[in-house]
Amino acid sequence: MFLAMKELMHSKMRFLMIIITFVLLAWLVFILSGLGNGLSTLAASTFKTMKADYVIFEEGSQSSMSKSLLSDQLLAEVELLPNVSAAAPMGSTMATALKEPSTKSEDKLDIAIIGINPGSFLEPAVVEGEGLSSDNPTGVVVNSTMKDEGYNIGDTFQLDGTMESLTIIGFAENQTYNHVASVFTPMAEWRKITFAAPGSDKGVAGPVNAIMLQGKDIDPDVMNSKLTNTDTVTRAAAVQGMPGYKEENGTILMMLAFLLAIAAFVLGVFFYVMTMQKTNQFGIMKAIGASNRFLSKAIVSQVFVLSVTSIVVGVLLTYGTAAIMPKGMPFKLEPGLVVSYSVILLIIAMLSSLVSVRKITKIDPLKALGRVE
C-alpha cells in the first residue's frame, strides 16, 4: 500500500485521468440503474407493495390481469385450501379521468382503476384522507402523484367515455400500475365501470381478474389441481406477466451489461498500458530483490484506491443529478441498488488489474534493464 500511495501522489495527472474515466463510467451505471428501477417501480409498484404472496389467474392468461377473468365464488373454495391464510379478489382496468365539467383534452389524465374489497389486505395505507368504504361506492383512494395534476381530497372526476364519476376520499403513496396512477375503488364500482357493456363479463358471476393469496409454502401445482381453470403463480411471476414489464426491464439490464463489459475492457486497457510503461521500473525493483507478490500487491492496492475513490465520486454525482432531475422523471436509486452496483464495479476493476499482475510476473529483470525505449 505504501508503494501504491507514493506513486499515486507522484503521478497525480496520470491517475487523475483514470479516475475521471472511471467516475464517468460509474456515474452512467448508477444513472441507468436508477432509471431502470424507476421505470420498474412506475410500472408495477401497486403489485409490488401489495401484501400478497401468490396470485390465482385464469388458466392460459399468461399471468396477465388483462387476459384473466375469474368468478369471486372461488374465494370460499380457495380459503379452505392448505396453507392459505387469506384471499382477496382484485381487478384492474385502464381509464381516463376528466375533471368535471371540463372537456378539454389537456385536462384528461390516464389512470388505472384497481378494484378491491374495502378493508382487505390489498387496500393501500392512506397517507391523507380516509380509506375505502362499501357505504361509499364512488369514493376512491388515489396515488399521491395526482396532486401534481391538481386533484385534491373531495374532488370529483368523470371517467372519459362513461357516465361514471368518482370522488377522491384519500391519497396513498407509491401506487402506480402500467406507468400511471392507481385509483382504488370498491369491487362493486370496478365491475360497474369495467363491464358496462352488455355481455362483457362473459356471463361470469362476480367477475374479477385475479385472486390474491396470503400464505406460506403454498404449492401452485396443488392449487391448480384442486381448482378448475386456474393458474397459480408467485407475486413476482405476476409482476413479470404485466404487459411490457419483462421487455422493458430486459432492455435496461442489457444496456447495463454492455456498459459493465465496456468498463471492464477500458479499465483493463488502462492498467495494462500503465504497467507496460513501468516495465523498466519493475525490472529494477525485481533486480534489487522485490518479489512478484510484493509488486502485485502494490498494483492491486493502487487499483483498489482508484476504484473506491471513483465509485464514491460517481455515487455523489448520481445523487446530485437525481436532486435536479424533473419531478416527473421515473428515477429511483435505492441504497441496496447503489451498494450492489458499487460492489460489481469494484470487482470488475480488481479483475481488470489481474491482467497487469500477470504481466508483472513475466517481467525478466535482465531483459527489462536492457530494454531500449
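Residues numbered from 1 in each chain as written. Predicted model: local features only at pLDDT ≥ 70, side-chain atom pairs only at ≥ 80, totals over all residues. Heavy atoms only, no water.

## What to know about the overall build of the chain
- Looking only at helices and strands, the chain features 11 helices and 13 strands.
- Buried positions account for 45% of the 373 residues belonging to the chain.
- Intrachain contacts of the chain at a sequence separation of at least 6 include 80% that bridge at least 24 residues.
- Summed over its atoms, the accessible surface of the chain is roughly 18500 Å², and 61% of this surface lies on carbon and sulfur atoms. (Helix = DSSP H or I, 4+ residues; strand = E, 2+ residues; numbered from the N terminus. Buried < 20%, exposed > 50% of the residue type's maximum accessible area, 1.4 Å probe, protein only. Contact = heavy atoms within 4.5 Å. Areas by Shrake-Rupley, 256 points an atom, 1.4 Å probe, with all protein chains shown as cover.)

## Quick look at the pairing of strand S8 (residues 165–172)
- With respect to burial, S8 is a largely interior element, 6 of its 8 residues being buried.
- With 2 bridges connecting them, strand S5 (residues 128–129) and S8 associate as antiparallel partners. The partner of Gly129 across the bridge, within S8, is Gly170.
- The pairing of strand S6 (residues 139–143) with S8 spans 5 bridges and is parallel. The residue of S8 that forms the bridge with Val140 is Ile168.
- Pairing of strand S7 (residues 156–159) with S8, which is carried by 3 bridges, proceeds in the antiparallel orientation. Following the sheet pairing, Gln158 is matched in S8 by Ser165.
- Hairpin remark: S7 followed by S8, antiparallel, with 5 residues in the connecting loop; positive phi at Gly161, about 85°. (Pairing = 2+ DSSP bridges.)

## Points about the nonpolar core
- Ranked by size, the top nonpolar core spans 36 residues in total, and within it Ile111, Phe157 and Leu213 carry the most contacts.
- In this structure, Ile31, Ile252, Leu256 and Met350 belong to the second largest nonpolar core, which totals 34 residues. (Core = buried A, V, L, I, M, F, W, Y, C linked by side-chain atoms within 4.5 Å.)

## Concerning the pattern of salt bridges
- Tallied over the entire structure, the rule returns 5 salt bridges.
- Across the pair Glu128 and Lys147 runs a salt bridge whose closest N-O atoms are separated by 2.4 Å. Taken together, the residues Glu128 in strand S5 and Lys147 in the loop between S6 and S7 connect sequence positions 19 residues apart.
- Given the relative accessible area of 33%, Glu128 is considered partly exposed.
- Two residues, Lys192 and Glu164, come together in a salt bridge whose shortest N-O distance is 3.9 Å. Pair noted here: Lys192 is in helix H4 (residues 187–194) and Glu164 is in the loop between S7 and S8, with a separation of 28 residues, a long-range link.
- With relative accessibility at 49%, the residue Lys192 sits in the partly exposed group.
- In this structure Glu164 comes out as buried when scored by relative accessible area, which is 17%. (Salt bridge = Lys/Arg side-chain N within 4 Å of Asp/Glu carboxyl O.)

## Here's the deal with the packing of aromatic side chains
- One pass over the structure, following the stated rule, counts 3 aromatic pairs.
- The interplanar angle of 35° and the centroid separation of 6.2 Å between the aromatic rings of Phe47 and Tyr177 together place this pair among those described as tilted. Of this pair, Phe47 sits in helix H2 (residues 12–49) while Tyr177 sits in strand S9 (residues 176–177), and the two are 130 residues apart along the sequence.
- For the pair Tyr151 and Phe157, a centre-to-centre distance of 5.8 Å together with 85° between the ring planes defines the contact as edge-to-face.
- Judged by its relative accessible area of 0%, Phe157 falls in the buried class.
- Cation over ring: Lys147 sits above Phe171, and NZ or CZ is 4.9 Å from the ring centre. (Phe/Tyr/Trp six-rings, centres within 6.5 Å; stacked < 30°, edge-to-face > 60°. Lys NZ or Arg CZ within 6 Å of the ring centre and 35° of its normal.)

## Section: the environment of Thr176
- With respect to the helices and strands, the residue Thr176 is situated in strand S9.
- Considering only alpha carbons, one finds Thr176 and Thr145, 31 residues apart in sequence, at a separation of 9.1 Å.
- Of the polar contacts made by the side chain of Thr176, one reaches the backbone oxygen of Thr41; its length is 3.2 Å.
- At 2.9 Å, the side chain of Thr176 forms a polar contact with the backbone oxygen of Leu42. (Polar contact = N/O pair within 3.5 Å; in protein donor to acceptor, adjacent residues only side chain to side chain.)

## Observations regarding H4
- Inspection of H4 places Met187, Glu189, Trp190 and Ile193 among the buried residues, and these make up the whole buried set. Angular distribution of buried residues about the axis of H4 spans 160°; they occupy a single face of the element.
- Residues of H4 that are buried in the fold lie against strand S3 (86–99), strand S4 (108–116), S7, S8, strand S10 (180–186) and strand S11 (207–208). (Arc of directions from axis to C-beta.)

## Focus: the side chain of Ser120
- Relative to the assigned elements, Ser120 resides in the loop between S4 and S5.
- Exposure remark for Ser120: the relative accessible area of 17% places this residue in the buried category.
- Polar side-chain contacts of Ser120 include one of 2.9 Å to the backbone oxygen of Asn117.

## Description of the confidence of the model for the chain
- Looking at the chain as a whole, its pLDDT mean stands at 85, while 86% of the residues score no less than 70.
- The secondary-structure element of the chain with the lowest mean pLDDT is helix H1 (residues 2–10), recorded at 55, while S6 shows the highest, at 96. (pLDDT = per-residue confidence, 0-100.)

## Remarks on the environment of Gly36
- By the element assignment, Gly36 lies in helix H2.
- Judged by relative accessible area, which is 7%, Gly36 ranks as buried.
- Along the primary structure Gly36 and Leu256 are separated by 220 residues, whereas in three dimensions their C-alpha atoms are 9.5 Å apart.

## Focus on the pairing of strand S1 (residues 54–58)
- By the criterion of burial, S1 is predominantly enclosed, with 4 of the 5 residues buried.
- In this sheet, strand S12 (residues 210–214) lies alongside S1 in antiparallel orientation, the contact comprising 3 bridges. Residue pairing for S12: Ile56 is matched across the bridge by Ile211.
- In this structure, S1 lies alongside strand S13 (residues 230–234), joined through 5 bridges in antiparallel fashion. Its bridge partner lying in S13, Glu58 is registered against Thr230.

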